[in-house]
Amino acid sequence: MPSGQDLDSAAAIQVFVRRFYDRLLADPELAPLFLEVAGIDIEAHRPRIEAFWRKLLLGDPRYQRHMMDIHRQVHRRQPFRPGHFRRWLGHFEATLAAADWHGPLTDRARFLAHNIAANLEEALVTPDQYRQRRSATVKTG
Ligand code: HEM
């Protein structure tokens, strides 16, 4: 897969996810969350992450799992900390930069990753603020 292209195909997403997870699983703070706390089988996990990004970036509707609940279960076993999300985003950005991924879908992936990470962090690490903000949103429409 040549460098310097956009995340605009299933093949590009597959390469990106593989490289991203190489970084996550080499991180001494994050790897145990995947391998020990959640006990993932990486060969089963990676295709689900690819499907998640195919849905967000390419509109492929097949990913139907509830990722907030999945992280909630991890959090119950070992609480996430704000530093975890900063590190996760650092690896995400480093993976994009290393192969010079760029283009509209790369921009969208970056935007979504930052938003979802902030949302997960708020929901799990500061749930009271998250609930207040959500109920305020509901009230004001
Ligand atoms: C601190 C940062 C994060 C950590 C340590 C983390 C860790 C994990 C772990 C351990 C799992 C596997 C849970 C299991 O199968 O039992 C998981 C699942 C998942 N993660 Fe994260 N996560 C983080 C942030 C994110 C973010 C920001 C996104 C999206 C932008 C994301 C997307 C996903 C998805 C889609 C799944 C579910 C895959 C499936 O359907 O099985 N994660 N995560």
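See the structure shown above.
About the criteria used
Residues numbered from 1 in each chain as written. Predicted model: local features only at pLDDT ≥ 70, side-chain atom pairs only at ≥ 80, totals over all residues. Heavy atoms only, no water. Near = heavy atom within 4 Å. Polar contact = N/O pair within 3.5 Å; in protein donor to acceptor, adjacent residues only side chain to side chain. Helix = DSSP H or I, 4+ residues; strand = E, 2+ residues; numbered from the N terminus. Nonpolar A, V, L, I, M, F, W, Y, C, P; charged D, E, K, R; others polar. Axes fitted to C-alpha atoms, helices over the stretch in contact; angles between N-to-C directions. Parallel < 35°, antiparallel > 145°, perpendicular 65-115°, else oblique. Contact = heavy atoms within 4.5 Å. Left-handed = near helix turned anticlockwise from the far one by under 90°.

Peer 1: Where do I start with the site of the ligand in this structure?
Peer 2: Taken together, 22 residues are adjacent to the ligand, and R48, Y63, R65, H71 and W88 come closest. With respect to the ligand, the side chain of Y63 contributes an N or O atom lying 2.6 Å from an oxygen atom. Between R65 and the ligand, the recorded distance is 2.6 Å, taken from a side-chain N or O atom to an oxygen atom. Contributing elements (two or more residues each) for the shell around the ligand: helix 2 (31-37), helix 3 (42-58), helix 4 (67-77), helix 5 (82-98) and helix 6 (104-125). Per-class residue counts for the shell around the ligand are 17 nonpolar, three polar and two charged.

Peer 1: Please clarify how the packing of helix 5 against helix 6 should be interpreted in this entry.
Peer 2: Any two packed helices are characterised by the angle at which their axes cross and by the distance between the axes. Running from N to C, helix 5 and helix 6 cross one another at 170°; their axes reach a closest spacing of 10 Å. Taken together, the axis directions place helix 5 and helix 6 in an arrangement best described as roughly antiparallel. Residue-level inspection shows P82, F85, W88, L89, F92, E93 and L96 of helix 5 in contact with helix 6, the latter providing T106, A109, R110, A113, H114, A117, L120, E121 and V125.

Peer 1: What is the right way to look at the environment of L24 in this model?
Peer 2: Residue placement: L24 occurs in helix 1 (residues 10-24). Taking the C-alpha atoms as reference points, L24 and D128, 104 residues apart in sequence, are found 29 Å from one another.

Peer 1: Sorry if this is basic, but what is going on with the side chain of E122 here?
Peer 2: Summarising the element assignment, E122 is placed in helix 6. Not counting residues within four places of it along the chain, the set of residues in contact with E122 comprises P127, Q129, Y130 and R133.

Peer 1: What exactly am I supposed to notice about the packing of helix 1 against helix 5 here?
Peer 2: At a minimum axis distance of 9 Å, the contact between helix 1 and helix 5 shows a crossing angle of 130°. As judged from the angle between their axes, helix 1 and helix 5 are oblique. Crossing angle aside, the handedness with which helix 1 passes helix 5 is right-handed. Contacts between helix 1 and helix 5 pair F16, R19, F20, R23 and L24 from the former with W88, H91, F92, A94, T95, L96 and A98 from the latter. Broken down by class, the residue content of the contact of helix 1 with helix 5 amounts to eight nonpolar, two polar and two charged.

Distances and angles like these do not, on their own, reveal function.
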